[in-house]
Amino acid sequence: MLEYILLLIIVISSYFATRNYEILCKQLFRIEIILIALFVGCSDMLGGYDRYIYGEAFDSISSSIHNGIDIRSLSLQAFLWLNEPAYFIWNILIGFITQNRYIFIFITTLLIYWLIYKSFIANTSNPLFALILFLGLYFFFTFTYLRQVIAVAILWNSLAFIEKRQLIRFLSTVLLAAMFHNSAIIFAIMYFIPIRKYNILLVFLCFISALFIGVTGVHSKLFNLFGSLINNEARTATYENIKEIRIEYIIESLLFLFLIFFSYKRIGTDKRQIILLNCSLMFCMVLAFFCTSSDGGRISWYFMIGLIALFSQLYAPGKAVTASGLTLILMSILLYMRILIVWGVLIYPYKTFFTNGIREGDYIHSENEYDHRYNYDKFYK
């Protein structure tokens, strides 16, 4: 656990040390985003069973390539990616380079963090402050949900197309992201939301409506419809499962909505900032909308860049450290520590794939390891 705490301390300390020095801030941000990418990419199957699913799929594809099997004969349906060909193609491309699942995950993680780096540079005024929010809101998910994290990172770089009203480029980006993870299609709505600042009362009524729909479970029918349209009912069923109300979704969305409203008057007529505002509001509403979904809150990730970028502009704009900025930093620390504690063995003790063996007490490995030769030699192929 100490490695994760040290990482958080480094990022927060560097923000306070460089808040008066814009150039140094960006230079440190570059170094730290590389550090975080290496930290995630070099980890040994941490984060949950998804890494094993992706690892097994890649091993199957790369082995087929190196055994001389015609790529066209590979079954997309075997991996449930018939409607997400971009991720399948990504596996094939890396499969020509290596057959090792660890190298595949490492290269994929570098792609993800390169896209995140580009989006932060383009959209945030203080990338180190944004990185603190990122650690609290999203960092841990980059260990495991590879396909969706790629899709999210792609779309985080599409806001400029909304601002410049470049419909074809925007929809092409959405389509590319959706070919990694179908759920990315929801982000298309951002282009069609008029770029204007809405009345707070109207926004709040929309939020209450989204929360009401979420609590009543109407969204499950929408998932059924979406699944039938893309011929992938099994995948969308994982989102529609109704459980108890996810109170953490409601609390998180209300807190962020309050912080947005608190500085609503400071948001002017700047086109990019209004897009970030609307994207942030969508983040809150999507969280509320899926408050009874087992995994539906993951769809809010596509809109998270609005929240991160808007807050970096509102609460870290200059030399002074504001009370609101400190509140956000504290919230990020609490969110970070909450996941760190709740996930437990999923992410610590930390281990890289540069040493053989497995972590003691790792039940995820015991339940999901499909090739035990990796236990004794991480680079046996």
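> Talk me through the overall build of the chain; I want residue IDs and the actual numbers.
Looking only at helices and strands, one finds 19 helices and zero strands in the chain. A buried classification covers 55% of the 381 residues belonging to the chain. For the chain, restricting intrachain contacts to residue pairs at least 6 apart in sequence, the fraction spanning at least 24 positions comes to 78%. Split by element, the accessible area of the chain, about 16,400 Å² in all, is 66% carbon and sulfur.

> Account for the pattern of salt bridges, with residues named and values stated.
In total, this model carries ten salt bridges according to the counting rule given. Notably, a salt bridge pairs Lys381 with Asp59, separated by 3.7 Å at the nearest N-O pair. With Lys381 in the segment after helix 19 (373–376) and Asp59 in helix 3 (residues 50–66), this residue pair connects regions lying 322 residues apart in the sequence. Here Arg272 ties to Glu163 by a salt bridge, and the two come within 2.7 Å at their closest N and O atoms. One end of the pair, Arg272, is in helix 15 (residues 271–289); the other, Glu163, is in helix 8 (residues 159–163), with 109 residues separating them in the sequence. Look at Arg272 and you get buried, because its relative accessible area is 15%. When its relative accessible area of 23% is taken as the criterion, Glu163 is described as partly exposed. Here the residues in one salt-bridge network are Asp44, Lys351 and Lys378, joined through shared partners.

> Tell me about the packing of aromatic side chains, residues and numbers included.
Evaluated as defined, the whole model comprises 45 aromatic pairs. Between the aromatic rings of Tyr4 and Tyr350, the centroid separation amounts to 6.2 Å while the plane-to-plane angle is 80 degrees, which identifies the pairing as edge-to-face. Within this pair, whereas Tyr4 is found in helix 1 (residues 2–18), its partner Tyr350 is found in the loop between helix 17 (323–343) and helix 18 (363–368), the two being separated by 346 residues in sequence. In terms of burial, Tyr4 and Tyr350 fall into one category: buried. On the basis of an interplanar angle of 90 degrees and a centroid distance of 5.4 Å, the ring pair of Tyr102 and Tyr374 is categorised as edge-to-face. Of this pair, Tyr102 sits in helix 5 (residues 101–123) while Tyr374 sits in helix 19, and the two are 272 residues apart along the sequence. The ring of Tyr264 is capped by Lys197, whose NZ or CZ atom sits 5.0 Å from the centre of that ring.

> Please set out the packing of helix 5 against helix 6 (residues 127–137) residue by residue, giving values where relevant.
When two helices pack together, their arrangement is given by the angle between their axes and by how far apart the axes lie. One can describe the packing of helix 5 onto helix 6 by two numbers: an axis separation of 10 Å at closest approach and a directional angle of 130 degrees. What the angle tells us is that helix 5 and helix 6 run oblique. Every pair of crossing elements has a handedness; the one defined by helix 5 and helix 6 is right-handed. Only Pro127, Ala130, Leu131 and Phe134 of helix 6 make contact with helix 5, whose side of the interface consists of Tyr113, Ile116 and Phe120. Taken together, the residues of the contact of helix 5 with helix 6 sort by class into seven nonpolar, no polar and no charged.

> I'd love a proper account of the environment of Trp301, names of residues and values included.
Structurally, Trp301 can be placed in the loop between helix 15 and helix 16 (304–315). For Trp301 and Leu287, which are 14 residues apart along the polypeptide, the C-alpha to C-alpha distance reads 9.3 Å. Apart from the residues lying within four places of it in its own chain, the contact partners of Trp301 are Tyr138, Phe141, Tyr145, Gln148, Val152 and Trp156.

> Give a detailed account of a nonpolar patch on the surface, specifying residues and quantitative values.
Judged by side-chain polarity, Leu167, Ile168, Leu171 and Phe192 come together as a nonpolar surface patch covering roughly 390 Å² of accessible area. The element contributing the most residues to the nonpolar patch is helix 9 (residues 167–178), with three residues. Looking at where Ile168 falls in the secondary structure, it is placed in helix 9. Under the relative-accessibility criterion, Ile168 is labelled exposed at 63%.

Definitions and limits used
- Residues numbered from 1 in each chain as written.
- Predicted model: local features only at pLDDT ≥ 70, side-chain atom pairs only at ≥ 80, totals over all residues.
- Heavy atoms only, no water.
- Helix = DSSP H or I, 4+ residues; strand = E, 2+ residues; numbered from the N terminus.
- Buried < 20%, exposed > 50% of the residue type's maximum accessible area, 1.4 Å probe, protein only.
- Contact = heavy atoms within 4.5 Å.
- Areas by Shrake-Rupley, 256 points an atom, 1.4 Å probe, with all protein chains shown as cover.
- Salt bridge = Lys/Arg side-chain N within 4 Å of Asp/Glu carboxyl O.
- Phe/Tyr/Trp six-rings, centres within 6.5 Å; stacked < 30°, edge-to-face > 60°.
- Lys NZ or Arg CZ within 6 Å of the ring centre and 35° of its normal.
- Axes fitted to C-alpha atoms, helices over the stretch in contact; angles between N-to-C directions.
- Parallel < 35°, antiparallel > 145°, perpendicular 65-115°, else oblique.
- Left-handed = near helix turned anticlockwise from the far one by under 90°.
- Nonpolar A, V, L, I, M, F, W, Y, C, P; charged D, E, K, R; others polar.
- Patch = residues over 30% accessible without salt bridge, like charges linked within 9 Å, V, L, I, M, F, W, Y side chains within 5 Å.

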